[in-house]
Each structure stands twice: as structure tokens, then as C-alpha cells.
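Chain residues, written in single-letter form:
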Amino acid sequence: MHTGVESPQGVWWKPAHRAERLWVIIAFVWCMVLFAMMPLWHLRGAQNPSGIRAKVDPQAYMARTLEFIEAYQVGEENGFPVVEPPPGSDVYLVAQMWQWRPVLRLQEGVEYTLHISSVDVNHGFSLYPVNLNFQIVPGYDYGLRVTPTEAGDFRIICNEFCGIGHHLMLGKVEVIPATQSASTGEGVAQ
Ligand code: CUA
């Protein structure tokens, strides 16, 4: 009989085989490479958000967004204002349980400063079908510099659990070809 107190009989204490030791060494070296990549990628990687981060009072942010909506609203969709800001301007998007406001209409190939903040809890900004993710934290304004490179309709999906209506939290960004802009009127066929 054998209990946990006594040493088991057998050959388990024999030194590991050369091949096994080699694998352990390779795995360890690879772990170190990945570990080094974390700070390296943070400092050198081109995936870091480009923008101006600032603390912001949620109510002040909401007020600024409403001001922005009022200034550039061009329509309405499902009760949400559709806003077409001037090319290259500062754009405001607010996350709130459980909606993204407003619907943004942006021009292809133009750089905007996209301000995003939350007025209640953490939300996740995920742009579908583009692989773009960003954590939205209340009290912080993320002035992301973005250039839409493709015309079409994009959905904003919340990817941070934010309560009972999380799965309903959908927003929209429309990217229009440069020639179809309503605000500039350039190149529109008559
Ligand atoms: Cu907002 Cu989940």
C-alpha cells in the first residue's frame, strides 16, 4: 500500500531527459522574450493611442457634447442625433448606460480629434468591423487622433460589462466619401 506520506516507488526522481530540459530552456527563454516585449511594445509600438488625455468633469463633458450636437446636427436616426462636424474638427462622443451619443458622420481621409468619455461607469469602445478597442473611463477625456480610411457604416459596440443593458449598447459612425460631404458641398453632382 502507498500513502501520501511515504515516497512513491519508481524512477520519477531520475534527472529529466536532455530533450525535456531543452524544451524547458526554450520555453523559459521565450517567456523572457515576451516579458521584454511588454515594455518594449509600450515604448516603441505604433499601437499606442495618439491623443491628448485630460481629466474632465463628467457633467462638463456632457454639456460640451450637447453643445457640439446642437452646433452640427444634420438629422436624426432612431431618436439619436446625427452630427456632421466640419472636417478636421474636435468631435465629441459620450458613453452612458446604455447608449453612445451622437451618431457621428465623418469624412473619409480627414483627421479628427475624437473625444470620448463616460458620464457614469466604465464602458468599452469597440468599432466593428474594424479591430479597434478602447477603454472608456468616467472622468477622463481621450482626445484620440483618428483618420477614417474607409467609407461605410461602422458600429460601436460596448465591450465592457456595464449593467443590465450592456448588450444593447450600440452606436454608429458613418464615414462618407470626401466628395459627398453635406457641410462642404464639394463635388456633389447636380
Ligand atoms: Cu457600456 Cu457595456
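Above this text you will find the structure in question.
The shown structure was predicted, so the numbers you read here are calculated from the model rather than taken from an experiment. (Residues numbered from 1 in each chain as written. Predicted model: local features only at pLDDT ≥ 70, side-chain atom pairs only at ≥ 80, totals over all residues. Heavy atoms only, no water.)

## Section: the sheet that holds strand β10 (residues 140-146)
The test is simple: At least two bridges found by DSSP between two strands is the condition for calling them paired. Numbering goes from the N terminus for both helices and strands, where a helix is a DSSP run of H or I of at least four residues and a strand is a run of E of at least two. Axes here mean lines fitted to C-alpha atoms, for a helix over just the part in contact, with angles spanning 0 to 180 degrees between N-to-C directions. In what follows, residue pairs with any heavy atoms lying within 4.5 Å of each other are defined as contacts.
One open sheet accounts for five strands, arranged β1-β10-β7-β4-β5; its pairing is mixed. Of all the strands in the sheet, the pair left with one neighbour each is β1 (51-55) and β5 (99-101). Put simply, the sheet's adjacent strands are angled 20° from each other on average, direction ignored. Lying over the sheet, helix α2 (residues 58-72) contacts β4 (90-96), β5, β7 (112-118) and β10, oriented at roughly 125° with respect to β4.

## Thoughts on the packing of aromatic side chains
Put simply, the test is: When the centres of two rings from Phe, Tyr and Trp lie within 6.5 Å, Trp using its six-membered ring, the rings pair. Their planes under 30 degrees apart give stacked, over 60 give edge-to-face, and anything left gives tilted. Using a 1.4 Å probe on the protein chains alone, a residue whose accessible area is under 20% of its type maximum counts as buried, one over 50% counts as exposed, and one in between counts as partly exposed.
Counted according to the given criterion, the structure contains five aromatic pairs. On the basis of an interplanar angle of 55° and a centroid distance of 6.0 Å, the ring pair of Y61 and Y92 is categorised as tilted. Placement of Y61 in helix α2 and of Y92 in strand β4 is noted, with a sequence separation of 31 residues between them. Their ring planes at 85° and their centres at 5.8 Å tell us that W100 and F125 sit as a pair that is edge-to-face. Residue W100 is located in strand β5, and its partner F125 is located in strand β8 (residues 123-128); the two are separated by 25 residues in the primary sequence. Overall, the relative accessible area of 2% leaves W100 in the buried class. Three or more aromatic residues link up through ring pairs in this structure, and these residues are Y61, F68, Y72 and Y92.

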